[in-house]
Amino acid sequence: SLLKLRETRGSNATSVIDYLCKVAYRKGGDELLSFGEDLGEVEAASRLVPSDISREIKQTEVRLESLQRLLASAEGSKFAEKLSERVACLDPRVKALAAQDAEMQSAITDTVAYLGERPACTARHMFSVLSEFLRSFSTAR
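Draft legend 1. Region of the structure containing the overall build of the protein chain. Assigned secondary structure in the protein chain consists of six helices and zero strands. From first element to last, N terminus to C terminus, the protein chain shows the α and β order α-α-α-α-α-α. Expressed as a percentage of its 141 residues, the buried residues of the protein chain come to 26%. Partitioning the contacts of the protein chain with sequence separation of at least 6, the portion at a separation of at least 24 is 62%.

Below you can see the structure in the form of structure tokens.
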């Protein structure tokens, strides 16, 4: 885990993260050490629960399908016709949202694997670890 870099120390009591900061500074200066600024959303992401987002999207899909069936059964009603036009605009948006959710879940799985965390690691935990690592890295700078 990334946090082990903070805890693992050499014989001179320097942590691995301190050593990495020194090497990174020698190789690329402040520009290389500022990579954490590119990851500013990690802190906010650590407070999100992607499974809740996925559940809400699924519920929205179910509700939209239910509404579409209800409107189809009320065929001939002027109100149903007008509402059907509006609902028809929502269908591609909800499908696009579901596709983005699938991409997000795939990206989270890939990131968990890349960071060497166990496959059962939740997104919230992964982002919390990454956020803590960035704070540690920033402190070590």
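This is not the end of the story, as more comes after the structure.
Draft legend 2. Quick peek at the pattern of salt bridges. Enumeration according to the criterion identifies three salt bridges in this entry. Among the salt bridges present, the one from Arg-55 reaches Asp-52, with a minimum N-O distance of 2.3 Å. In this pair, Arg-55 and Asp-52 are both assigned in helix α4 (residues 50-73), three residues apart and thus about one turn of the helix distant. Since its relative accessible area comes to 45%, Arg-55 is described here as partly exposed. In this structure Asp-52 comes out as partly exposed when scored by relative accessible area, which is 35%. Residues Lys-58 and Glu-61 are paired through a salt bridge, measuring 3.8 Å at the closest nitrogen-oxygen approach. Placement of both Lys-58 and Glu-61 in helix α4 is noted, with a separation of three residues, approximately one turn of the helix. You can call Lys-58 exposed: its relative accessible area is 51%.

Draft legend 3. Seen up close, the packing of α4 against helix α5 (residues 78-114). Between α4 and α5, the least distance of the axes is 9 Å, while the angle of their chain directions is 155°. The angle between α4 and α5 falls in the class roughly antiparallel. The hand of the α4/α5 crossing is left-handed.

Draft legend 4. Looking closely at the side chain of Ser-131. Along the chain, Ser-131 falls in helix α6 (residues 123-140). Given the relative accessible area of 5%, Ser-131 is considered buried. Among residues more than four places away in sequence, those in contact with Ser-131 are Val-42 and Glu-43.

Draft legend 5. Seen up close, α4. Compared with the 34 Å implied by 1.5 Å per residue over 24 residues, the 35 Å span of α4 between its first and last C-alpha is a close match. Restricting attention to buried positions, one finds in α4 the residues Pro-50, Ser-54, Ile-57, Leu-64 and Leu-71.

Draft legend 6. Spatial organisation of α5. In this model, α5 (37 residues) spans 55 Å end to end at C-alpha, consistent with the 54 Å of a helix rising 1.5 Å per residue. Of all the positions in α5, only Ala-80, Val-87, Val-94, Asp-101, Ile-108 and Val-112 are classed as buried. The N-cap residue of α5 is Ser-77: its side-chain oxygen and the backbone nitrogen of Phe-79 are 3.3 Å apart. Once α5 ends, the next one or two residues include Gly-116, with phi positive near 80°.

Draft legend 7. Structural detail: the nonpolar core. In terms of nonpolar packing, the biggest core is built from 14 residues, with Val-42, Ile-108, Val-112, Met-126 and Phe-127 touching the most fellow members. Among the secondary structure elements, those contributing two or more residues to this core are α3 (42-45), α5 and α6. Of the residues forming this core, the biggest block, seven residues, is contributed by α6. Ignoring any residue separated from it by four or fewer positions in sequence, one finds Ile-108 in contact with Pro-50, Ala-123 and Met-126. Formed by five residues, the second largest nonpolar core is a distinct cluster that contains Leu-64, Leu-71, Ala-80 and Val-94.

Rules behind the numbers
Residues numbered from 1 in each chain as written. Predicted model: local features only at pLDDT ≥ 70, side-chain atom pairs only at ≥ 80, totals over all residues. Heavy atoms only, no water. Helix = DSSP H or I, 4+ residues; strand = E, 2+ residues; numbered from the N terminus. Buried < 20%, exposed > 50% of the residue type's maximum accessible area, 1.4 Å probe, protein only. Contact = heavy atoms within 4.5 Å. Salt bridge = Lys/Arg side-chain N within 4 Å of Asp/Glu carboxyl O. Axes fitted to C-alpha atoms, helices over the stretch in contact; angles between N-to-C directions. Parallel < 35°, antiparallel > 145°, perpendicular 65-115°, else oblique. Left-handed = near helix turned anticlockwise from the far one by under 90°. Expected span 1.5 Å × (residues − 1). Polar contact = N/O pair within 3.5 Å; in protein donor to acceptor, adjacent residues only side chain to side chain. Core = buried A, V, L, I, M, F, W, Y, C linked by side-chain atoms within 4.5 Å.

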